Amino acid sequence: MNRPGRDDAPDRLYTITQGRSRTDPDNPFDLVTLVVAESEPVAGMQSEHVAILKLTRFPTSVVEIAAELRLPVGITKVLLCDLLAAGRVSARHPRRPAITDPDILEQVLVGLRNL
């Protein structure tokens, strides 16, 4: 059975990451990390790196990049670490405004209970 978004050829994934399947424990990427291209693609770049640079002209989350490339998130993180080390992308976590209004929190709680 062929599942959409999955590559049945693991050797392709091995090739595009040069055998790496994990990133360093201190890598800055999680699913919601926003990635922004800091440079344009150049001739001779790996096609996946080029695709990432094109996708990240505007802030794009890691999970969105993985979905667009149809690659597992772990493989996408390896590719992003390559680009980050080369200074071709920057990464930041989205800013989350704190919800401190108790009325809003109460409305959310009531809405969840009504589900």
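Everything below is about the structure shown above.
Note that the structure is a prediction, hence the values are computed from the model and not measured.

Trainee: Describe helix H4 (residues 73-85), listing the residues and the values that go with them.
Mentor: The end-to-end C-alpha separation of H4 is 18 Å, in line with the 18 Å expected for 13 residues at 1.5 Å each. For H4, the complete set of buried residues consists of Ile75, Thr76, Val78, Leu79, Leu80, Cys81 and Leu83. Following H4 by one or two positions, Gly87 adopts a phi angle in the positive range, close to 75°.

Trainee: Account for the side chain of Thr33, naming residues and giving values.
Mentor: Relative to the helices and strands, Thr33 is located in the loop between helix H1 (10-16) and strand E1 (34-37). Overall, the relative accessible area of 0% leaves Thr33 in the buried class. From its side chain, Thr33 meets the backbone oxygen of Pro28 in a polar contact 3.3 Å long. A polar contact is formed between the side chain of Thr33 and the side chain of Asp30, at a distance of 2.8 Å. Thr33 has contacts with Pro28, Thr60, Ser61, Val62, Ala91, Arg92 and His93, leaving out every residue within four places of it along the chain.

Trainee: Explain the side chain of Thr56 residue by residue, including any values.
Mentor: With respect to the helices, strands and loops of the structure, Thr56 is situated in the loop between helix H2 (47-55) and strand E2 (60-61). Looking at Thr56, the relative accessible area reads 0%, which means it is buried. In this view, Thr56 contacts Val35, Val36, Ala37, Ile65 and Val89; residues no more than four positions away in its chain are not counted.

Trainee: Got a sec to walk through the sheet that holds E1? Specific residues and values, please.
Mentor: Pairing is antiparallel across the open sheet formed by three strands, whose spatial order is E2-E1-E3. Since the sheet does not close on itself, it has two edges, and those belong to E2 and strand E3 (89-92), each with one partner. By the bridge criterion, two bridges tie E1 to E2 in an arrangement that is antiparallel. When the bridges of E2 are listed, Leu34 appears paired with Ser61. Of the strands in this sheet, E1 and E3 touch H4, which is tilted by about 115° from E3.

Trainee: Please give an account of the pattern of salt bridges that cites residues and values.
Mentor: For the structure shown, the criterion picks out one salt bridge. Arg57 is paired through a salt bridge with Glu40; the nearest N and O atoms lie 3.6 Å apart. Here the residue Arg57 occupies a position in the loop between H2 and E2, and Glu40 occupies one in the loop between E1 and H2, the gap between them amounting to 17 residues. For Glu40, a relative accessible area of 51% gives the class exposed.

What counts and what doesn't
- Residues numbered from 1 in each chain as written.
- Predicted model: local features only at pLDDT ≥ 70, side-chain atom pairs only at ≥ 80, totals over all residues.
- Heavy atoms only, no water.
- Helix = DSSP H or I, 4+ residues; strand = E, 2+ residues; numbered from the N terminus.
- Expected span 1.5 Å × (residues − 1).
- Buried < 20%, exposed > 50% of the residue type's maximum accessible area, 1.4 Å probe, protein only.
- Polar contact = N/O pair within 3.5 Å; in protein donor to acceptor, adjacent residues only side chain to side chain.
- Contact = heavy atoms within 4.5 Å.
- Pairing = 2+ DSSP bridges.
- Axes fitted to C-alpha atoms, helices over the stretch in contact; angles between N-to-C directions.
- Salt bridge = Lys/Arg side-chain N within 4 Å of Asp/Glu carboxyl O.

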